[in-house]
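Below are the chains, spelled out letter by letter.
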Amino acid sequence: QVHLVESGGGLVQPGGSLRLSCTASANIVSNNAMGWYRQAPEKQRELVATIFPGGLTNYVDSVKGRFTISKDNAKNTLYLQMNSLKPEDTAVYYCNFAFGTIRLSWGQGTQVTVAS
């Protein structure tokens, strides 16, 4: 059973930056489309950034130009660099497969809070 562990969240002021990490217990990052999801209170989980095996990336419009998804295949680690953070970015952030119907069991996520 593959598990995912997210880290790097925290409390930042609007306009600040955070770098999130997601480590996987198996070699899944290299050959799978991986994504960062977020879920704000009382909202459904949404996919905000995707990175495909070849390195192509995709972002939801609300984070384009501010977030950058990347990965280190050798470390089975996914990253999300978040800049120019806004209060509406506040959510619990998760990583998982971003393509197809199969998803790994969700990790605990990492809380990102953007507030003054």
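Above this text you will find the structure in question.
Residues numbered from 1 in each chain as written. Predicted model: local features only at pLDDT ≥ 70, side-chain atom pairs only at ≥ 80, totals over all residues. Heavy atoms only, no water.

K.L.:
Looking at this model, I keep getting lost on the nonpolar core. Mind explaining?
P.N.:
Across soluble globular proteins, nonpolar side chains show a tendency to be buried alongside one another. If you look at the biggest cluster of nonpolar residues, it comprises 30 residues, and the most contacted ones within it are Ile28, Trp36, Leu80, Met82 and Tyr93. Taken together, the elements giving at least two residues each to this core come down to strand 3 (18–24), strand 4 (34–39), strand 5 (46–51), strand 7 (67–72), strand 8 (77–82), strand 9 (91–97) and strand 10 (110–114). (Core = buried A, V, L, I, M, F, W, Y, C linked by side-chain atoms within 4.5 Å. Buried < 20%, exposed > 50% of the residue type's maximum accessible area, 1.4 Å probe, protein only. Helix = DSSP H or I, 4+ residues; strand = E, 2+ residues; numbered from the N terminus.)

K.L.:
Help me understand the state of the cysteines, please; the structure alone is not making it clear to me.
P.N.:
Here a disulfide denotes one covalent bond, and it connects the sulfur atoms of two cysteines. In the structure shown here, the tally under the stated rule is 1 disulfide. Note that Cys22 is cross-linked by a disulfide to Cys95, the S-S spacing being 1.7 Å. Between Cys22 and Cys95, the S-S torsion sits near 60°, and that sign places the bridge as right-handed. Of this pair, Cys22 sits in strand 3 while Cys95 sits in strand 9, and the two are 73 residues apart along the sequence. Overall, the relative accessible area of 2% leaves Cys22 in the buried class. (Disulfide = S-S within 2.5 Å.)

K.L.:
For this particular structure, what's the right way to read the packing of aromatic side chains?
P.N.:
The relative placement of two aromatic rings is captured by the distance of their centres and the angle of their planes. Here the structure, examined in full by the defined rule, presents 2 aromatic pairs. Arranged with centres 5.0 Å apart and planes meeting at 85°, the rings of Tyr37 and Trp106 form a pair that is edge-to-face. Of this pair, Tyr37 sits in strand 4 while Trp106 sits in the loop between strand 9 and strand 10, and the two are 69 residues apart along the sequence. Among the residues examined, Trp106 registers a relative accessible area of 32% and is labelled partly exposed. Taking 5.8 Å as the distance between ring centres and 75° as the angle between the ring planes, the aromatic pair formed by Tyr94 and Trp106 counts as edge-to-face. (Phe/Tyr/Trp six-rings, centres within 6.5 Å; stacked < 30°, edge-to-face > 60°.)

K.L.:
What am I meant to see in the sheet that holds strand 8 here?
P.N.:
Within the open sheet, the 4 strands sit side by side as 1-3-8-7. Their pairing is antiparallel. Edge positions in the open sheet fall to strand 1 (4–7) and strand 7, since each of these has one partner strand only. Ignoring which end each strand starts from, the neighbouring axes of this sheet average 15° apart. Summarising the sheet, strand 7 and strand 8 pair through 6 bridges and their orientation is antiparallel. Following the sheet pairing, Asp72 is matched in strand 8 by Thr77. (Pairing = 2+ DSSP bridges. Axes fitted to C-alpha atoms, helices over the stretch in contact; angles between N-to-C directions.)

K.L.:
Please explain the pattern of salt bridges as it appears in this structure.
P.N.:
Any two side chains of opposite charge can pair if their charged atoms end up close together. Per the counting criterion, the structure on display carries 4 salt bridges. With a shortest N-O distance of 2.8 Å, Glu46 and Arg38 are connected by a salt bridge. Judged by its relative accessible area of 31%, Glu46 is partly exposed. Residue classification places Arg38 among the buried positions, given a relative accessible area of 6%. (Salt bridge = Lys/Arg side-chain N within 4 Å of Asp/Glu carboxyl O.)

K.L.:
Honestly, the pairing of strand 8 in this entry has me stumped. Any pointers?
P.N.:
Regular strands place their side chains on alternate faces of the sheet. Most of strand 8 is tucked away, with 5 of its 6 residues classed as buried. One ladder, built from 6 bridges, connects strand 3 with strand 8; its direction is antiparallel. Paired with Leu18 across the bridge in strand 8 is Met82. Here strand 7 folds back onto strand 8, and the loop between the two strands holds 4 residues, one of which, Asn76, carries a positive phi near 50°.

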